Amino acid sequence: MRLSRRDILKTGMMSAALPFARVLPASAAPRDALVAVSAQTINSLDLHRTGTNRASYAIAVNCYDRLLTFGSKTLADGSLSYDFTKLEPELAESWEVSPDGLTVTFRLRPNATFQDGSPVTSADVKWSFDRAVSVGGFATTQMKAGGFSRPDQFSAPDDMTFVVTLDRASKLSLPDLAVPVPFIINSTLAKSHATEADPWAMEYLHQNTIGSGAFKVTRWDQGQQVVYERFDGWVGGPLPAMRRVVLREVPATATQRALLERGDVQIAFDLPDKDASELAEKLTVYSTPVENCINCLCMNFSFEPFQDANVRKAVAWAVPYEAIFQTAAYGRGLPLWGGEAEITDTAWPRKTPYSTDLAKARELMAQSNYPEGFETTLSIATDLLWMEPAAILVQEAMAQIGIRCTIDKIPGANWRTASLVDKRLPFHFENFGGWLNTPDYYFFWAYQDGHLFNSSNYRNEEIETLTNETLDMAMDDPDYAPKIKRMFEIVLDELPRIPLYQPALNVAVNGAGGYEFWFHRMLDARSLTGGEA
Amino acid sequence: MAAGGTSRRIGAVGSRILQAVPVVFGVIVISFLLTRALPGDPAVQFAGQMATKESIEETRVKLGLDKSLPEQFLVYLGQLARGDLGQSVSTGQPVTRDLANRLPASLELTFCALILSCLIAIPLGVMAATRPGSAVDQVCRILVTAGVSLPTFFTGVLLIYVFYYILGIAPSPLGRLDFLYIEPPKVTGFFLVDAALIGDWETWGAALRQLILPASTLALFTLAPIARMTRAAMLSALSADYIRTARAAGLGRARVLYGYAFRNALLPVVTTLGMVFSFVLGANVLVEKVFAWPGIGSYAVEALVVSDYAAVQGFVLAMALLFVCLNLVIDLAYSVIDPRFGTEAQ
């Protein structure tokens, strides 16, 4: 996979096309290579591997195809975003859902080839799907969200036809095929590197990209950079404008900003809110509110004072929303407070009816079983930047209504265990975001009992039933909207988690265009262009 | 006589290495226990974004963490016996390979910083000691105070701001090589050495340019202890009886200063150097972050954050071995500088 020194020198392209070559003045012809920097490290080229981190999902996005993808839309601020409501073909040319919704038949693009030139067949799709549901861990869990759990659900009747059989019809099935997980692997090549101990060629795919996607990784120096090179035979979409995209790892945001402002790099991806708001004065900064993601203040039902509905409401009326939004998020994202009490639509995340009203909060505390207040611990993760300023503001506000909080900082390694797995934090923050953009999917992870992001140990029988009912239901089903509205009503009244604001993904560019926001929050290199537009 | 001295020295080195065995074993046990005692559950960490109880358990089994502690320890010892430091879950590579990639980057930076630091600090300390209270002494004091009081990440960002952002004379702070250049074929892992070995002076120059800012940052930070120690040791050496005797005997000023005083003052300076080396290698993390340097410090911190046991243990063990070697080298340096230390002084 690694090019030898000689190979690169021989091709002689490296120095000619690299954006760092200062021989090209800034105003030269549109560039065909870009450098992006990000603080995150890519630790594997294989999303399915145990231990692959979030940043590495970018490889699956750029170097592999899925059967389906999402269309795009222009947001109110003029920036581009994927469109969850528009499913489009990627490797599949067309697809057909049986009337009972249980069988989906895909026709593959006849001219699609892998990067080694061999044709993409339905056997490759089957092998890739089998792999995703068999390797365990994240890949398998995400596949289950779409109703895919066993290899016998997938079949390949002929080379160009791929059939999926579902146990139950669900609106989440097709969108779940457009998330990064079910990517299509060159199974012949993979199998030639598989061993008895490693039937899914995890070792080989960890170091190599063998897909049919728009880019291939030609160089990967762990902890330093990934170099994408365009695959000119890509048929999954319009050929990318960029021939080469380099993703450089730069941990310090101060350094990232210096590089971007000097024009030595063109994109700084996933910047902290503070840097984004400062850079926005000089450069183009996209701050897209992350769909289906909410930064919340959570109250754990396993702890007595928080079992009292009046206490939870008092907290919700005491939170200084605006101050948190300005201090912790620098106003990037969307406010989620001060909405109408009546729920008339199924938009989610949505504004809650709560806002900052200390008089009301005190009144509710007086009616609660804790008129004198109580003591509790407010837990935050040390490596999630927004939590600390938010915690200080919450601590001050709670003191006003008699709730005395001690702030407890939990190191990164332990945060998930303490908050999500053991669910042992009485009062804490949480920031779940669902890939599949439907309210029921959010409820499934964050409000149903026992599920990972329900860090409040919340259980409500009606929510359990309604979530199960709506999860598979089509969104245009006449029953859907009333049930969803009822779910909103319940959780906004019972308040296991108080929505604070919808966070944003910040991307700054200097000399690059075509940036598109995706739900997976990875840099999609396929749409990028060399000049700002 | 000389041959006898050499064999005695080899014997001394051998016994020192033997003495290190229990230390290293202790480090193995402690690093194993400490990583397990850390808060944070690797199975949760590595089960991925969306996880269920089952997927977390599956991950635990896959990582071999469902076994009892003694069992895990035996497995670990078995691996070590084969020279295998285990597999890092977060990088998906053998820890030995990760260390082999990362350690030279840190060592190269640290060595360059220390050489730079010594080149400035030792003459400065000597001059300050020979003329206490003079302007040179004051300059030394100011530089030293600035060096210790400025945190490395601050100095680093400041240097980038001035030399890269404003003046545009420093190369982009993007790690060890601008990507116009290809890494030299790996022999030692030190780019300066490897590039020199194949005579590729262009790459050598590029690697050196990348090194200047981070090495200066670290050098500024390490100036203080070295300069202060040189000054103090020189002062006490210069006031010693043998210097008075040497001066009374009419020896030349340079001879007195460098032949007698400096040589005697060197011992504490070497000791300080050893200490500075060890804390700089650890304190590198911030400099590595600012300059996107792919070193060992950031590797260890990332491994700790995600509870990557094998990587943390490998790092601690590598450091322990490094320090055993370092102490050995320092002790040998003692006996070269001061024959009285000889070999009996073990």
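Residues numbered from 1 in each chain as written. Chains lettered and ligands numbered in written order. Predicted model: local features only at pLDDT ≥ 70, side-chain atom pairs only at ≥ 80, totals over all residues.

> Looking at this structure, how should I read the overall build of chain B?
Secondary structure assignment for chain B yields 13 helices and zero strands. With the C-alpha coordinates of chain B rotated into their principal frame, the extents come out at 85 × 55 × 40 Å. Across the 346 residues that make up chain B, the buried fraction comes to 41%. Partitioning the contacts of chain B with sequence separation of at least 6, the portion at a separation of at least 24 is 70%. (Helix = DSSP H or I, 4+ residues; strand = E, 2+ residues; numbered from the N terminus. Buried ≥ 20, exposed ≤ 12 C-beta atoms within 10 Å, placed from the backbone. Contact = placed C-beta atoms within 7 Å.)

> Honestly, the overall build of chain A in this entry has me stumped. Any pointers?
Across its full length, chain A carries 18 helices and 20 strands. In terms of C-alpha radius of gyration, chain A reaches 24 Å, essentially the compact-globule figure of 24 Å for 533 residues. Each principal axis of the C-alpha distribution contributes one length, and for chain A these read about 75 × 60 × 45 Å. Within the span of chain A, comprising 533 residues, buried residues form 53% of the whole. Across chain A, the fraction of contacts at a sequence separation of at least 24, relative to all contacts at a separation of at least 6, is 68%. (Rg over C-alpha atoms; globule rule 2.2 N^0.38 Å.)

> Please clarify how the packing of helix α9 (residues 201–238) of chain B against helix α11 (residues 253–290) of chain B should be interpreted in this entry.
To describe two helices that pack against each other, one gives the angle between their axes and the distance between the axes. Residues and elements named next belong to chain B. Axis separation between α9 and α11 bottoms out at 9 Å; the angle between their running directions is 155°. Classified by the angle their axes make, α9 and α11 are roughly antiparallel. The two elements α9 and α11 meet at a crossing, and its hand is right-handed. Two secondary-structure elements touch here, α9 through P214, T217, L218, T222, P225, I226, M229, T230, A233, M234, A237 and L238 and α11 through A261, F262, N264, A265, P268, V269, T272, L273, V276, V280 and V287. (Axes fitted to C-alpha atoms, helices over the stretch in contact; angles between N-to-C directions. Parallel < 35°, antiparallel > 145°, perpendicular 65-115°, else oblique. Left-handed = near helix turned anticlockwise from the far one by under 90°.)

> I'm lost on the confidence of the model for chain A in this one. Help?
Any residue range with low pLDDT should be treated as having predicted coordinates unsuitable for detailed reading. On average, residues of chain A carry a pLDDT of 91, and 94% of them reach 70 or more. Of all the helices and strands in chain A, helix α2 (residues 13–17) of chain A carries the lowest mean pLDDT, 40, while strand β18 (residues 497–502) of chain A carries the highest, 97. (pLDDT = per-residue confidence, 0-100.)

> Where do I start with the interface of chain B and chain A in this structure?
Note: interface size is frequently given as the accessible area lost on complex formation between the parts. Contacts between chain B and chain A engage 47 residues on the former and 43 residues on the latter. Sorting the residues of the side of chain B that touches chain A by element identifies α2 (42–46), α3 (53–62), α7 (152–166), α11 and α12 (296–305) of chain B as the ones contributing at least two each. Tallied by class, residues from the side of chain B that touches chain A come to 27 nonpolar, 14 polar and six charged. (Nonpolar A, V, L, I, M, F, W, Y, C, P; charged D, E, K, R; others polar.)

> Honestly, the nonpolar core in this entry has me stumped. Any pointers?
The nonpolar side chains of soluble globular proteins are, as a tendency, buried together. If you look at the biggest cluster of nonpolar residues, it comprises 236 residues, and the most contacted ones within it are A36(A), V245(A) and I226(B). Looking at this core, the element that brings in the most residues is α9(B), giving 19 residues. Residues in contact with A36(A), not counting those within four places in the same chain, are V245(A), L247(A), V265(A), Q266(A), I267(A), F269(A) and L523(A). Core analysis: the second largest hydrophobic core is formed by 16 residues, I296(B), A300(B), Y309(B) and A310(B) among them. (Core = buried A, V, L, I, M, F, W, Y, C linked by C-beta atoms within 7 Å.)

> Is there a simple way to explain the environment of Y480(A) in this structure?
Relative to the helices and strands, Y480(A) resides in helix α18 (residues 480–494). On a C-alpha basis, the gap between Y480(A) and D440(A) in space is 9.8 Å, while along the polypeptide they are 40 residues apart.

> Could you clarify how one ought to interpret the pairing of strand β3 (residues 80–89) of chain A in this entry?
Consecutive side chains along a regular strand alternate between the two faces of the sheet. Residue and element names in this part refer to chain A. Bridging between strand β2 (residues 68–74) and β3 involves seven bridges; their strand directions are antiparallel. Across the sheet, residue S72 finds its bridge partner in β3, namely Y82. Bridge count between β3 and strand β20 (residues 516–517): two bridges; the pairing is parallel. Bridge pairing in β20 links S81 to F517. (Pairing = 2+ DSSP bridges.)

> Help me understand the environment of D422(A) in this model?
Along the chain, D422(A) turns up in the loop between α15 (412–421) and β17 (427–430). Assessed through the 13 C-beta atoms surrounding it within 10 Å, D422(A) is described here as partly exposed.

> I'm lost on α7(B) in this one. Help?
Since one α-helical turn is 3.6 residues long, residues separated by three or four positions face the same way. Here α7(B) contains 15 residues, and its C-alpha end-to-end distance of 20 Å stays within 8% of the 21 Å for a straight helix at 1.5 Å per residue. At I160(B), α7(B) shows its maximal kink, close to 25°. Residues of α7(B) that are buried include every one of T152(B), T155(B), G156(B), V157(B), L159(B), I160(B) and Y164(B), and no others. Taken together, the buried residues of α7(B) touch α9 (253–262) of chain A together with α9 and α11 of chain B. Immediately beyond the C-terminal end of α7(B), within one or two residues, lies G168(B), with a positive phi of roughly 70°. (Expected span 1.5 Å × (residues − 1). Bend = angle between axes of the 7 residues up to and from the residue.)

> It is not clear to me how the sheet that holds strand β16 (residues 403–410) of chain A should be interpreted in this structure. Could you clarify?
Strand pairing within a sheet occurs via backbone hydrogen bonds; the two strands may be parallel or antiparallel. Residue and element names in this part refer to chain A. Taken together, the six strands give an open sheet; going across it, the order is β14-β18-β13-β17-β15-β16, and neighbouring strands pair in mixed fashion. Lying at the two open borders of the sheet, with one neighbouring strand each, are β14 (334–335) and β16. Bridge analysis of strand β13 (residues 295–299) against β17 gives four bridges, and the strand direction is antiparallel. Bridging across to β17, L297 finds its partner in F429.

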